[in-house]
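Structure assessment
Spelled out, the chains give:
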Amino acid sequence: MGILNISDLKPGMVLAQSAKNRHGVVIIGKGNVLTEKHIHSFKTWGITGVDIKNIDVDQVTKQEMEALPNDIIESIERELDELFPPFEDNPVMEEIYKIVQRASLRQAANQTTGVADEIERD
Amino acid sequence: MKSKEIDRIINSIDTLPALPIIYMKLSHLLNTPDSSIKIISNMISEDPAIAAMVLRIVNSAAYGFYNKIGDLQHAVVILGLNEIKNLVLATSIYKVVKEFKSSNAFDMQEFWKHSIGCAISARVLAETAYLKNPEDVFTGGLLHDIGKLIHAAYLREKFNGVLTNIAETESQMSESEKKILGFDHAQTGSALAEKWNLPREIVNMIAHHHLSYMPDTLTREIAAVHIGNILCVALRMGSSGEKRVPIVNQKAWEILDLKLSDLEYVMQRSTKLFKESLSIMEFE
């Protein structure tokens, strides 16, 4: 299971946990198969992330990394190393790091295929 | 924590930037019972450059209004008074910043981008955390590093020493400033904001955006600017001389009561709005 950001959702994905709004009200129940309409309504309800069955978010990142040549991955890793200070046991910093890492990888991947900027996907 | 030295510096600078008069007049007007929307929009129109920019911003994708907003009165009605006040302030600051001559080592364009980036990130955080006044957080974010401008423009030599020190030691600018100047840009910036008679909340957001020590009251607004700054450095929105992403203060994160999964949304949305804002508030 993995919590995916709204912009990563695709129709056909299955909810591992029900999607709730800020007040704990269930918008769409666990086990439901997502449709375009569902995904659109998440935005309306202000839901930013949902738990999807059989997705490992780190796995998604690994797959994207595998598609890139090694020297590009290395230069991204180096840039991130320079940008971020060392931190331990800090889930917030870890999350920020991962988000920037994912975005950098995607941007590099898209540059090789010539698609528009990956950071904004709306 | 105000030191006599900062006061002395702030008070001694004859040519200290003044906020365009329009903001002061507008603030004052908004506090009087007789103001009407017409009077307010007429007053803003007295500074055509600012009026034009407010309209451009309001009609930009950043606000997402379906119909074009053709005149200032309409903008005032739709946005409400607090938002308009903050917009006028933002454009006034833009005017001030544009006129600054800076030292060679300090890139004004990058500084401005960083300020906008922080303003936007802090605001998106504030909105996502359901704070009641995201426009004020925007202003706090916009001004958080204004102290660096003062240092760069009026304490040029010493400031160059700070920049050299940072390059050599990889420390945060505040540390170097405290060592070389005796105070940091958070203190200078908040002193300037006080001189400009900005609301206490905004002064506090500037003073405490590093959270190197806990203020008497850690407000959610301060937390939003603190984290907004960190996000915009991580996203490389411009630069104001910091080499590294600062570490998020745990209490600041907790007080906003957000989930980790909210961060990606916040960062993506901020990136989007940042790009749109740049096209409006570009420096040549």
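Here's what I pulled together on the structure shown here. The structure presented is a predicted model; accordingly, all values stated were derived computationally and were not measured. (Residues numbered from 1 in each chain as written. Chains lettered and ligands numbered in written order. Predicted model: local features only at pLDDT ≥ 70, side-chain atom pairs only at ≥ 80, totals over all residues. Heavy atoms only, no water.)

What to know about the interface of chain B and chain A
Note the cut-off: Whether two residues touch is decided by their heavy atoms; if any such pair falls within 4.5 Å, the residues are in contact. Throughout, the accessible surface (probe 1.4 Å) given up by two parts as they are put together, summed over both, is called the buried area. For salt bridges, the criterion is a side-chain nitrogen of Lys or Arg within 4 Å of an Asp or Glu carboxyl oxygen. Strands are runs of DSSP state E lasting at least 2 residues, helices are runs of H or I lasting at least 4, and numbering of each runs from the N terminus. When residues are sorted by character, Ala, Val, Leu, Ile, Met, Phe, Trp, Tyr, Cys and Pro go into the nonpolar class, Asp, Glu, Lys and Arg into the charged class, and all the rest, Gly among them, into the polar class.
Counting residues at the interface gives 28 residues for chain B, matched by 30 residues for chain A. Approximately 2,600 Å² of surface area, both sides summed, lies buried where chain B meets chain A, with 58% of it carried by carbon and sulfur atoms. By the criterion of area lost to chain A, the three top residues of chain B are B:Arg236, B:Glu264 and B:Gln268, representing 22% of everything that side buries. The tally of links between chain B and chain A comes to 2 salt bridges. Between B:Glu264 and A:Arg102 there is a salt bridge, and its shortest N-O distance comes to 3.0 Å. Only helix 14 (220-234), helix 15 (250-256) and helix 16 (260-280) of chain B provide two or more residues apiece to the side of chain B that touches chain A. Broken down by element, the residue count for the side of chain B that touches chain A peaks at 11 residues, all from helix 16 of chain B. Counted by class, the side of chain B that touches chain A contains 15 nonpolar, 5 polar and 8 charged residues.

Let's talk about unusual backbone geometry
Residue and element names in this part refer to chain B. Stated precisely, the cut-off is as follows: Note on exposure labels: buried denotes an accessible area under 20% of the residue type's maximum, exposed denotes more than 50%, and partly exposed covers the range between, all computed with a 1.4 Å probe on protein chains only.
The backbone of Tyr130 shows a phi angle near 60°, a positive value even though the residue is not glycine. The phi angle at Asp257 is positive, at roughly 60°, despite the residue not being glycine. For Asp257, the position within the fold is in the loop between helix 15 and helix 16. Asp257 gets classed as exposed once you look at its relative accessible area, which sits at 57%.

As for empty space enclosed by the protein
Leftover empty space is mapped by rolling, across the atoms, a probe with the size of a water molecule. All names here are of chain B. Test applied: Using a grid of 1 Å spacing that covers the protein atoms alone, one calls a set of points a cavity when a 1.4 Å probe fits there but cannot get out, and a pocket when the set is open and has protein on both sides within 12 Å along at least five of seven lines; lining residues are those with an atom within 4 Å of a point. Grid points are joined across faces, edges and corners, and a volume is the space filled by probe spheres set on the points.
As enumerated under the stated definition, the model contains 2 cavities of 30 Å³ or more in all. Here the second largest cavity defines a volume of roughly 30 Å³. As for the second largest cavity, its lining consists of His144, Asp145, Lys148, His185, His209, His210, Asn229, Glu242 and Pro246. Per-class residue counts for the lining of the second largest cavity are 1 nonpolar, 5 polar and 3 charged.

In short, the description is geometric, and any link to function would need to be established separately.
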